[in-house]
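# A look at the structure
Residues per chain, in single letters:
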Amino acid sequence: MALPEWNENMALHLPAIDTQHKQLLAWIKALGDAVQKEEGARIIDDVLQHLINYVHEHFSAEERLMLAHNFPGFADHRREHDFFVSRLKDLHTGITCGEELSVKTLDFLVDWTITHIRGTDQKYGSFVRATAVGAKLD
Ligand SMILES: [Fe+2]
């Protein structure tokens, strides 16, 4: 399984958001490490819970930024966030019921996050940069 690394082609050039994306990828990596080391359900669920909390915090920050700049793609973007959050909640429920977190699922989390940052996030990133000339971006 390829664990994610932040790199420049993910940059939105919004410093606070880029920092959050690095942290988000770090939590996914921590989850991948816990699964690969077969840490056990309690520790894996604990890391997953940290990831879920961080995703909430980060998505809320992005959504506030989009609303503050009247980004026209807000509703579609939020739907993508809601989908990912519901998948994470399903995983949490599964682990609580004794299911194991598979490599396939980890690959999904990595792929979704990287595709979202490189695609969907770039759209609001360039919109915010274009509408915030001279304004404080973070
Ligand atoms: Fe996003």
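Here is a short report on the structure shown in this document. (Residues numbered from 1 in each chain as written. Predicted model: local features only at pLDDT ≥ 70, side-chain atom pairs only at ≥ 80, totals over all residues.)

### Description of the overall build of the protein chain
A count of helical and extended segments in the protein chain gives five helices and zero strands. For the protein chain, the α and β elements follow one another from N to C terminus as α-α-α-α-α. The long-range fraction of contacts in the protein chain, counting pairs at least 24 apart against all pairs at least 6 apart in sequence, stands at 75%. (Helix = DSSP H or I, 4+ residues; strand = E, 2+ residues; numbered from the N terminus. Contact = placed C-beta atoms within 7 Å.)

### A word on the nonpolar core
By size, the foremost hydrophobic cluster in this structure holds twelve residues: Leu-24, Leu-25, Trp-27, Ile-28, Leu-31, Val-35, Leu-48, Leu-51, Leu-91, Leu-101, Leu-106 and Leu-109. Elements supplying a minimum of two residues to this core: helix H1 (15-36), helix H2 (41-68) and helix H4 (103-118). Here this core gets six residues from one element, more than from any other, and that element is H1. Ignoring any residue separated from it by four or fewer positions in sequence, one finds Leu-51 in contact with Trp-27, Ile-28, Leu-31 and Leu-88. Counting residues in each nonpolar core, the second largest holds seven residues, with Leu-12, Ile-17, Leu-65 and Met-66 among its members. (Core = buried A, V, L, I, M, F, W, Y, C linked by C-beta atoms within 7 Å. Buried ≥ 20, exposed ≤ 12 C-beta atoms within 10 Å, placed from the backbone.)

### With respect to the packing of H2 against helix H3 (residues 74-96)
At a closest axis distance of 10 Å, the pairing of H2 and H3 adopts a crossing angle of 170°. Between H2 and H3, the interaxial angle falls into the category roughly antiparallel. Classified by chirality, the crossing of H3 by H2 is left-handed. Residues Ala-41, Ile-44, Asp-45, Leu-48, Gln-49, Leu-51, Ile-52, Val-55, Phe-59, Glu-63, Met-66 and Leu-67 of H2 touch H3, and the partners they reach there are Phe-74, His-77, Arg-78, His-81, Phe-84, Val-85, Leu-88, Leu-91, His-92, Ile-95 and Thr-96. (Axes fitted to C-alpha atoms, helices over the stretch in contact; angles between N-to-C directions. Parallel < 35°, antiparallel > 145°, perpendicular 65-115°, else oblique. Left-handed = near helix turned anticlockwise from the far one by under 90°.)

### Brief notes about unusual backbone geometry
Phi is positive for His-13, which is not a glycine, with a value near 60°. Topologically, His-13 is positioned in the segment before H1. One non-glycine residue, Glu-38, lies in positive phi territory at about 50°. With respect to the helices and strands, Glu-38 occurs in the loop between H1 and H2. Residue classification places Glu-38 among the exposed residues on the basis of 9 C-beta atoms within 10 Å.

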